[in-house]
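Observations on the model geometry
Residues per chain are reported as follows:
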Amino acid sequence: MNKKWGFCDKEGNLIFECSYEDAKSFENGYAAIKENNLWGFIDLENYKFIKGSFDEVQNMTSEGIAPVSRGGNWTLIELKIMN
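These notes cover the structure that comes with them. (Residues numbered from 1 in each chain as written. Predicted model: local features only at pLDDT ≥ 70, side-chain atom pairs only at ≥ 80, totals over all residues. Heavy atoms only, no water.)

Notes on the environment of L38
Our working definition: Numbered from the N terminus, helices here are DSSP runs of H or I no shorter than four residues, and strands are runs of E no shorter than two. By definition, residues are in contact when any of their heavy atoms lie within 4.5 Å.
Locating L38 in the fold gives a position in strand β5 (residues 38-43). Sequence-wise, L38 and S53 are 15 residues apart; in three dimensions their C-alpha atoms are separated by 5.6 Å. Residue contacts for L38: discarding those within four places in its chain leaves I33, G52, S53, F54 and D55.

A few points about the nonpolar core
Let me state the cut-off plainly: Here, nonpolar core means buried Ala, Val, Leu, Ile, Met, Phe, Trp, Tyr and Cys residues that are tied together by side-chain atoms lying within 4.5 Å of each other. Burial classes: relative accessible area under 20% of the type maximum marks a residue as buried, over 50% as exposed, and values in between as partly exposed (1.4 Å probe, protein chains only).
Core analysis: the biggest nonpolar cluster contains 11 residues, these being Y30, A32, W39, F41, F54, V57, M60, A66, V68, I77 and L79. The set of elements that each furnish at least two residues to this core consists of β4 (30-35), β5 and β8 (65-70). Grouped together as the second largest cluster of nonpolar side chains are 7 residues, F16, Y20, A31 and I42 included.

Overview of the packing of aromatic side chains
What counts, and what does not: The rule is short: rings of Phe, Tyr and Trp, with Trp giving its six-membered ring, pair when the centres are within 6.5 Å, and they are stacked under 30 degrees, edge-to-face over 60, tilted in between.
Per the stated rule, a full pass over the model turns up 6 aromatic pairs. Ring geometry for F7 versus F16: centroids 6.0 Å apart, planes at 80°, classification edge-to-face. Aromatic pair Y30 and F49: ring centres 4.8 Å apart, planes at 45°, arrangement tilted. Pair noted here: Y30 is in strand β4 and F49 is in strand β6 (residues 48-54), with a separation of 19 residues, a long-range link. Taking the relative accessible area as the measure of exposure, Y30 reaches 4% and is therefore buried.

Below you can see the structure in the form of structure tokens.
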């Protein structure tokens, strides 16, 4: 089975098509999404803010800090909504 992930609003309306291999919840205006076996981040407009470049990601904090891993090395990145 080839499951794909997308996003719905609070009323259950589909807002982003089910096109991702995996996805995490939106936090601080961003969500981690997996495409082509790599994790990246999208914003609320479905713009790929950070294209897939991480092997693993953990849930983002409410402050916009996300632990990410590339090649077995973990680091923290900070994502902030740009106005």
